[in-house]
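Each chain, letter by letter, is given below.
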2 protein chains.
Amino acid sequence: MSGGVTIALDAMGGDRAPGMVVSGADIALQRHPEIRFLLFGAEQEVTPLLAKIPRLAGAVTVHHTDEAVADDARPSVALRAGRQTSMRLAIDAVADGRADGVVSAGNTGALMAIAKFVLKTLPGIDRPAIASFFPTRRGESVMLDLGANVECDEENLVQFALMGDVFARTVLGLIEPTVGLLNVGSEDMKGNDAVRGASTRLRSAVSPVHFHGFIEGDDIAAGAVDVVVTDGFTGNVAVKTAEGTAKLFGEFLEAAFHHSVSARIGYLFARRTLRKLRMRLDPRRYNGAIFLGLGGIAVKSHGSTDAFGFANAIGVAVDMKANGVLEKIRVELERLSQAPFAPEPAL
Amino acid sequence: MSGGVTIALDAMGGDRAPGMVVSGADIALQRHPEIRFLLFGAEQEVTPLLAKIPRLAGAVTVHHTDEAVADDARPSVALRAGRQTSMRLAIDAVADGRADGVVSAGNTGALMAIAKFVLKTLPGIDRPAIASFFPTRRGESVMLDLGANVECDEENLVQFALMGDVFARTVLGLIEPTVGLLNVGSEDMKGNDAVRGASTRLRSAVSPVHFHGFIEGDDIAAGAVDVVVTDGFTGNVAVKTAEGTAKLFGEFLEAAFHHSVSARIGYLFARRTLRKLRMRLDPRRYNGAIFLGLGGIAVKSHGSTDAFGFANAIGVAVDMKANGVLEKIRVELERLSQAPFAPEPAL
């Protein structure tokens, strides 16, 4: 599936780095034996970890650096002052063609700022967006932006819709994905200028996406559309609210099964099924947010994830490469730049 | 508890009105025998329903009108052209003192527009907000705004924080409720101008609320704060996303218990406990959003709720009256208008 793909890893990003990064790379290697890794970070920490996993060591080249981006560093500072950080060097490896993609569990804002500066945005894209999969009643959907752009105008939302559409077609393999715009109601008059303006353009006859219209928060989990488009503020809050709700629900359920002897017995009978459900909804399975709209593959892992989650984030980067998502988005954007849809509408 | 409270009901608002409204009033009356209802709507529909419930009929005065606000009516149109609608007449009853509060399951935007026009906002409040309770790990919290104000500035958010604080103290009975501002991260630099500006003011030494700082989406269900403050766009999406996630989780769980014979047996043992959990998380229990900041008590019920949910919305209005929430907010705002916190900060 993934013939000869090379992934650059920021070994120092994430709460449990570098151990989680090394173990995650090992899990990913078992799934995709053809991956090669460039590991950027503190040699004295990374090398002993690799020594314990010979099969992984053979697939890894370590590039030493003592510097790392702090979790609370301002993106602008990390960009200007951090040219020797593990994060920056890993991104540089994508820019100069040594790697096909980069994965980091470090500071999100810094990763976006550096990736945007080093890898540039694709022609026709003003601002990259953070996209991720999530489970729905109908399977899986993709949502963007999840936090790269706190404020978005009409044009940004239209570009997110185009990128999300191409992404769903290539990575999810959908023929004609439906695109919805997150709003506070489904009627035309609802929302702010940005969503109303984007809706008008996406609804036009020359729009290249299959636009479903406005959707509301409860339509996300219901799987009402394949691609959920929103600004980074709303998207970030929505995805974290969903995570928090699912976690609370899981805790309540667990507490319920400890509530009585009868419930404990019930749990014994149902535990295999419940374990399957837990696996299906495991947030680690959905770890790995894609920075869409960049001239290179960059994937952000949750900072608090473990090796299993980090391996999934690596898998996202590998899938992006294997499916040629970047090239397809580039072609699609070029096609659109010659079509009447790209410029601002006359009315 | 609720000595002699009179509630005006919009009998024609909601998907299952007027049947759901009448049955909901009956359930509420059993809980609070001292309520009296003014029921506004189509007599020919309401009277036969009341005839079947003699104990309720004695507590209800029907005010006939043929007009009702359509679900898709623009708020401005409903306000200007709908002076004889069931919704408008019910709100009028609060304004002229015949009723202590109004409950409607009709068009949210119209209800807010008419209530704001008829009941006016409290001195010191520019815009009313929609507030509601929700279940958390620690019990219950209150969140506002849930959709009244799609765009909010710093001043609106500060006012929401003050109103939410007073509300939590009076209705939830908390001594020093913590207030959090919903954002895309917890660091000072995160977010837009409105949340950063509001944070600076709420954090100041003269701020009357116990400000926790920024919170993220997953902090809502975790119960990190007692009062969650946000703009109406984000709040609306967040609360609906949480509802959708909880619903999906419930469906997955139900499907899991039908998955195998063993799981079905497990369900039989655990069903009492699971039923309790379902009751605890039943969205109908949290039905009834309060319009905070108005000069009268107005409660909005979910349009799709049933009699049980509508009875809870009536209960919210009764609690607001019993706890004197309106007077307490009024006193608090007056006190603040003389304190150095109210005007824009010098820096």
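A quick note: this is a predicted structure, and the numbers were derived from the prediction, not measured.

Conventions we followed
Residues numbered from 1 in each chain as written. Chains lettered and ligands numbered in written order. Predicted model: local features only at pLDDT ≥ 70, side-chain atom pairs only at ≥ 80, totals over all residues. Helix = DSSP H or I, 4+ residues; strand = E, 2+ residues; numbered from the N terminus. Rg over C-alpha atoms; globule rule 2.2 N^0.38 Å. Buried ≥ 20, exposed ≤ 12 C-beta atoms within 10 Å, placed from the backbone. Contact = placed C-beta atoms within 7 Å. Expected span 1.5 Å × (residues − 1). Nonpolar A, V, L, I, M, F, W, Y, C, P; charged D, E, K, R; others polar. Least-squares fit on C-alpha atoms with pLDDT ≥ 70 in both. Pairing = 2+ DSSP bridges. Axes fitted to C-alpha atoms, helices over the stretch in contact; angles between N-to-C directions. Domains from an automatic or database assignment. Parallel < 35°, antiparallel > 145°, perpendicular 65-115°, else oblique. Left-handed = near helix turned anticlockwise from the far one by under 90°. Right-handed = clockwise from strand over helix to strand, strands pointing away. Arc of directions from axis to C-beta. Core = buried A, V, L, I, M, F, W, Y, C linked by C-beta atoms within 7 Å.

> What should I look at first to understand the overall build of chain A in this one?
Helix and strand content of chain A: 13 helices and 11 strands. Radius of gyration (C-alpha) of chain A: 21 Å, near the 20 Å computed for a compact globule of 347 residues. Principal-axis analysis of the C-alpha atoms gives chain A an extent of 65 × 60 × 40 Å. Taking all 347 residues of chain A together, 55% fall into the buried category. The long-range share in chain A, meaning contacts at least 24 apart out of those at least 6 apart in sequence, stands at 72%.

> Help me out: how do you make sense of helix H1 (residues 19–31) of chain A in this one?
Think of an α-helix as 3.6 residues a turn; residues three or four steps apart then line up on the same face. Its 13 residues place the ends of H1(A) 19 Å apart at the C-alpha level, agreeing with the 18 Å of an ideal helix rising 1.5 Å per residue. For H1(A), the secondary structure elements touched by its buried residues are strand S1 (6–10), strand S2 (36–41), helix H2 (43–51), helix H3 (54–57), strand S3 (60–64) and helix H12 (307–322) of chain A.

> Would you mind showing me how to read the interface of chain A and chain B here?
Frequently, the measure chosen for interface size is the accessible area that the parts lose on association. Each partner contributes to the interface: chain A provides 55 residues, whereas chain B provides 55 residues. Looking at the side of chain A that touches chain B, the elements with two or more residues in it are helix H9 (217–222), helix H10 (232–257) and helix H11 (261–281) of chain A. In terms of residues, the side of chain A that touches chain B owes the most to one element, H10(A), which gives 22 residues. Residues belonging to the side of chain A that touches chain B are distributed by class as follows: 27 nonpolar, 15 polar and 13 charged.

> What exactly am I supposed to notice about the relation of the copies chain A and chain B here?
Relating one copy of the chain to the other requires a rotation about an axis plus a shift along that axis. Its rotation angle being 180°, the transformation that places chain A on chain B also includes 0.0 Å of axial translation and leaves an RMSD of 0.0 Å. Both copies of the chain, as the preceding transformation shows, are related through a two-fold rotation axis. Within chain A, the C-alpha atom positioned nearest to the axis of rotation is that of A:Gly266, 1.8 Å from it.

> I'm lost on the sheet that holds strand S7 (residues 178–182) of chain A in this one. Help?
Where strands meet in a sheet, backbone hydrogen bonds hold them as pairs that are either parallel or antiparallel. Residue and element names in this part refer to chain A. Spatially, S3-S2-S1-S4-S11-S10-S5-S6-S9-S7-S8 is the arrangement adopted by the 11 strands of the open sheet, whose pairing is mixed. If you trace the sheet from one side to the other, it starts and ends with S3 and strand S8 (210–215), each paired once. Along the sheet, successive strands turn relative to each other by an average axial angle of 25°, direction set aside. In the sheet, strand S4 (residues 101–104) pairs with strand S11 (residues 297–300) via four bridges, with the strands oriented parallel. Looking at S11, one finds that Val-102 is bridged to Ala-298. Packed onto the sheet, helix H6 (residues 108–119) meets S4, strand S10 (289–292) and S11 and runs at close to 175° relative to S11.

> Honestly, the domain arrangement of chain A in this entry has me stumped. Any pointers?
Residue and element names in this part refer to chain A. Domain annotation of chain A identifies domain 1 (1–121 + 293–323) and domain 2 (126–288). Just the C-alpha atoms count here: the centres of domain 1 and domain 2 sit 26 Å apart. Across the boundary between the two partners, domain 1 contributes 20 residues, which contact 13 residues of domain 2. Ranked by the residues each element gives to the side of domain 1 that touches domain 2, the list is headed by H12, at seven residues. In terms of residue class, the side of domain 1 that touches domain 2 is built from six nonpolar, 10 polar and four charged.

> For this particular structure, what's the right way to read the packing of helix H1 (residues 19–31) of chain B against helix H12 (residues 307–322) of chain B?
Angle between the axes and distance between the axes: these two values describe a pair of packed helices. Residue and element names in this part refer to chain B. Direction vectors running N to C along H1 and H12 enclose 55°, while the axes themselves pass 7 Å from each other. Judged by the angle between their axes, H1 and H12 are oblique. Read as a crossing pair, H1 and H12 show a hand that is right-handed. Here Met-20, Val-21, Ser-23, Gly-24, Ala-25, Ile-27, Ala-28 and Arg-31 of H1 come into contact with H12, specifically with Ala-307, Phe-308, Phe-310, Ala-311, Ile-314 and Gly-315. Its residues assigned to classes, the contact of H1 with H12 shows 10 nonpolar, three polar and one charged.

> Can you walk me through the pairing of strand S7 (residues 178–182) of chain B in this structure?
The side chains of a regular strand alternate, residue by residue, between the two faces of the sheet. Residues and elements named next belong to chain B. When you tally the buried positions in S7, you get four out of five residues, the bulk of the element. Note: S7 against strand S8 (residues 210–215), five bridges, orientation parallel. When the sheet's bridge partners are listed, Val-179 is paired in S8 with Phe-211. Regarding the hand of the β-α-β motif, the stretch spanning S7, helix H8 (residues 193–203) and S8 is right-handed. Judged from the three bridges that link them, S7 and strand S9 (residues 227–229) form a sheet pairing that is parallel. Its bridge partner lying in S9, Gly-180 is registered against Val-228.

> Which parts of the structure should I look at to understand the sheet that holds strand S10 (residues 289–292) of chain B?
All names here are of chain B. A sheet is described by the order of its strands in space; here 11 strands give the open sequence S3-S2-S1-S4-S11-S10-S5-S6-S9-S7-S8, paired in mixed fashion. Taken across any chain shown, the strands that pair with only one partner, and hence form the sheet edges, are strand S3 (60–64) and S8. Within the sheet, the average angular offset between the axes of one strand and its neighbour, ignoring direction, is 25°. Here two bridges tie S10 to strand S11 (residues 297–300), and the two strands are oriented antiparallel to one another. Within S11, the position partnered with Ala-289 by the bridge is Lys-300. Helix-sheet contacts for helix H10 (residues 232–257) involve strand S5 (129–136), strand S6 (139–144) and S7, and the interaxial angle to S6 is about 145°.

> Is there a simple way to explain H8(B) in this structure?
Residue and element names in this part refer to chain B. What H8 keeps buried is the set Val-195, Ala-198, Ser-199 and Leu-202. An end-on view of H8 places all buried positions within 105° of arc, on one side of the element. Lining the buried residues of H8 we find helix H7 (154–170), S7 and S8.

> Whenever I open this one, unusual backbone geometry confuses me. Can you help?
Among all residues save glycine, negative phi is the norm, and among peptide bonds the norm is trans. All names here are of chain A. The residue after Leu-144, namely Asp-145, is reached through a cis peptide bond having omega 0°. By the secondary structure assignment, Asp-145 is in the loop between strand S6 (139–144) and helix H7 (154–170). The residue Lys-120 is not glycine, and still its phi comes out positive at about 65°.

> Looking at this structure, I do not really get the environment of A:Gly82. What am I missing?
All names here are of chain A. If you trace the backbone, Gly-82 turns up in the loop between helix H4 (75–81) and helix H5 (86–95). Along the sequence, Gly-82 and Glu-67 sit 15 residues apart, while their C-alpha atoms lie 7.7 Å from each other. The residues touching Gly-82, leaving out its near neighbours within four places in the chain, are Glu-67, Val-69 and Arg-88.

> What exactly am I supposed to notice about the nonpolar core here?
Counting 242 residues, the largest nonpolar core has A:Ile7, A:Leu9, A:Ala131, B:Ile7, B:Leu9 and B:Ala131 as the members making the most contacts within it. For B:Ile7, the residues in contact, after removing those within four places along its chain, are B:Ile35, B:Phe37, B:Ala99, B:Asp100, B:Gly101, B:Val103, B:Ile314, B:Ala317 and B:Val318.

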